[in-house]
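# What the coordinates show
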Amino acid sequence: MAVPLLSVVICTYNRASLLAQVLESLCEQTLPAERFEVVIINDGSTDDTKAVADAYAKKLPLRYLYQRNAGLASAKNHGLFASRGDLVFFLDDDDIASEILLEEHVKTHLKFPAEHYAVLGYTALDPEISENPLMHFVTEVGSFLFSYPSLKHGDILDYSYFWGGRSSCKRSFLLEHGVFNPVFRFGAEDLELGYRLSKHGLRVIYNKNAVSIMVRKISFDAFCHRLERQGSSNYVMSRLHPEPEIQRWAEIIDLDKNWAMINRHYDAIVRSARHLDSIANLKLAAGFDLDDETRNLVYRGYWAAFKACKLKGIVNKRNLA
């Protein structure tokens, strides 16, 4: 069996139906199948993930590996060690690949062959969810999920853009200088590794043509939970790296003062934002557009609630430490 140039590592947990869509999109790549492989890491799923992988084993150069549920960083390391390509692309299990996605990642790496160069692709929202107020806010306004509006094609970026699920890198660079820290079950595992790799020259090239499409809509309550978990990971990163820039990124500076300002009002802040989110979605479902005043009010509610949820996650993790 020929050694592939690129390994696509997909870590997944109980998203069998979404995984099928991702694998179907990989069947349509312009990069020849003999130049890439797909490595699926099943992180302890209890659904039909294995059956989905088996169904695509004859359509794709695919390998399937199972581990007991250990979290995202552990699963990514499993995929990294199992992969055979010189390049490793970590693809999320809810992102569909455009036809040229893999080819564009490879083209950029060939243009920047030094091992310290990684590649960041562009993740768009599926049209089915792009008009959802929350999804638009977290990607285009508040940047709680992605932060593309300020980027230009060809930008050379620092470690803070080594984003999981849409980045590729040279496998040798990770194996020599550091892999993911398995203490991170969710959130910050990519930036924490990126920060360590920055000490060895990591640079991230942005290729806007390397497009993947997120197809999973996240509800308000699910996103609040996501940000609490993110806050918990932020606190862990702040303990691993005491440097001021990490303390600022992790929102540790002035933590007690900021939490004291919202602690007693936390439930009301979240409840108000949930109500605004519900109103916005009801209006859209009824066929009405959101006027600027309503949209801005909803966005202010999201901003307050999501910042509060992240702070809550930081404080709760600190109190348990």
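Right above here is the structure, for reference.
Report on the accompanying structure. Predicted model, so just to flag it, every value in this text is computed and none were measured.

Analysis parameters
- Residues numbered from 1 in each chain as written.
- Predicted model: local features only at pLDDT ≥ 70, side-chain atom pairs only at ≥ 80, totals over all residues.
- Heavy atoms only, no water.
- Helix = DSSP H or I, 4+ residues; strand = E, 2+ residues; numbered from the N terminus.
- Rg over C-alpha atoms; globule rule 2.2 N^0.38 Å.
- Buried < 20%, exposed > 50% of the residue type's maximum accessible area, 1.4 Å probe, protein only.
- Contact = heavy atoms within 4.5 Å.
- Areas by Shrake-Rupley, 256 points an atom, 1.4 Å probe, with all protein chains shown as cover.
- Lys, Arg positive; Asp, Glu negative; His and termini not counted.
- Charge placed at Lys NZ, Arg CZ, Asp CG, Glu CD.
- Pairing = 2+ DSSP bridges.
- Right-handed = clockwise from strand over helix to strand, strands pointing away.
- Salt bridge = Lys/Arg side-chain N within 4 Å of Asp/Glu carboxyl O.
- Core = buried A, V, L, I, M, F, W, Y, C linked by side-chain atoms within 4.5 Å.
- Phe/Tyr/Trp six-rings, centres within 6.5 Å; stacked < 30°, edge-to-face > 60°.
- Lys NZ or Arg CZ within 6 Å of the ring centre and 35° of its normal.

## Overview of the overall build of the protein
- When its secondary structure is counted, the protein shows 13 helices and 9 strands.
- In terms of C-alpha radius of gyration, the protein reaches 20 Å, essentially the compact-globule figure of 20 Å for 321 residues.
- Reported as C-alpha extents along the three principal axes, the dimensions of the protein are approximately 60 × 50 × 40 Å.
- A buried classification covers 53% of the 321 residues belonging to the protein.
- The long-range fraction of contacts in the protein, counting pairs at least 24 apart against all pairs at least 6 apart in sequence, stands at 80%.
- As displayed, the protein has an accessible area near 14800 Å², and 52% of this comes from carbon and sulfur atoms.
- With 38 positive and 40 negative side-chain charges, the protein shows a spacing of 5 Å between the two charge centroids.

## Thoughts on the pairing of strand β2 (residues 36-43)
- Most of β2 sits out of view: 8 of its 8 residues are buried.
- The pairing of strand β1 (residues 6-12) with β2 spans 7 bridges and is classified as parallel. When the sheet's bridge partners are listed, V8 is paired in β2 with V38.
- Since β1 and β2 lie parallel, the crossover through helix α1 (residues 16-26) that links them has a hand, and here it is right-handed.
- As judged from the 6 bridges shared by β2 and strand β3 (residues 62-67), these two strands associate in the parallel manner. Bridging from a neighbouring strand, N42 pairs with Y66 of β3.

## Focus: the pattern of salt bridges
- The final tally for this structure, using the stated rule, is 18 salt bridges.
- Among the salt bridges present, the one from D92 reaches R166, with a minimum N-O distance of 2.6 Å. Residue D92 is located in the loop between β4 (87-91) and β5 (95-97), and its partner R166 is located in strand β8 (residues 166-170); the two are separated by 74 residues in the primary sequence.
- Residue classification places D92 among the partly exposed positions, given a relative accessible area of 23%.
- Between E251 and K307 there is a salt bridge, with its nearest N and O atoms 3.3 Å apart. Taken together, the positions of E251 in the loop between α10 (244-249) and α11 (255-262) and K307 in helix α13 (residues 292-320) put the pair 56 residues apart, joining distant regions of the chain.
- The partly exposed category is assigned to K307, whose relative accessible area is 30%.

## Brief notes about the nonpolar core
- Grouped together as the largest cluster of nonpolar side chains are 72 residues, with contacts concentrated most on L120, F220, F223 and F306.
- Broken down by element, the residue count for this core peaks at 10 residues, all from α13.
- Leave out the neighbours within four places in its chain, and F306 touches L134, F137, V138, F144, F220, F223, C224 and L227.
- Core analysis: the next-biggest nonpolar cluster, separate from the first, contains 26 residues, L6, L23, L60 and L87 among them.

## Digging into the pairing of β1
- The element β1 is extensively covered by neighbouring structure, given that 7 of its 7 residues are classed as buried.
- Both faces of β1 are covered, namely the face carrying L6, V8, I10 and T12 and the face carrying S7, V9 and C11.
- Across 4 bridges, β1 lies against β4 in parallel orientation. Across the sheet, L6 pairs through a bridge with L87, a residue of β4.

## As for the environment of L87
- Structurally, L87 can be placed in strand β4.
- A C-alpha to C-alpha distance of 8.3 Å links L87 and H109, two positions 22 residues apart in sequence.
- Among residues more than four places away in sequence, those in contact with L87 are L5, L6, S7, V106, H109, C169, K170 and R171.

## Concerning the packing of aromatic side chains
- A complete count under the given rule lists 21 aromatic pairs for this structure.
- Judged by centre distance (5.3 Å) and plane angle (70 degrees), the rings of F144 and W303 are edge-to-face. Note that F144 is positioned in the loop between α6 (133-141) and β7 (156-157) and W303 in helix α13, a separation of 159 residues in sequence.
- We classify F144 as buried; its relative accessible area is 15%.
- Pairwise contacts between aromatic rings join F137, F144, F220, F223, Y299, Y302, W303 and F306 into one cluster.
- We note K59 situated over the ring of Y56; from NZ or CZ to the ring centre the distance is 4.6 Å.
- If you follow K76 out to its NZ or CZ, it ends over the ring of F90, 5.8 Å from the centre.

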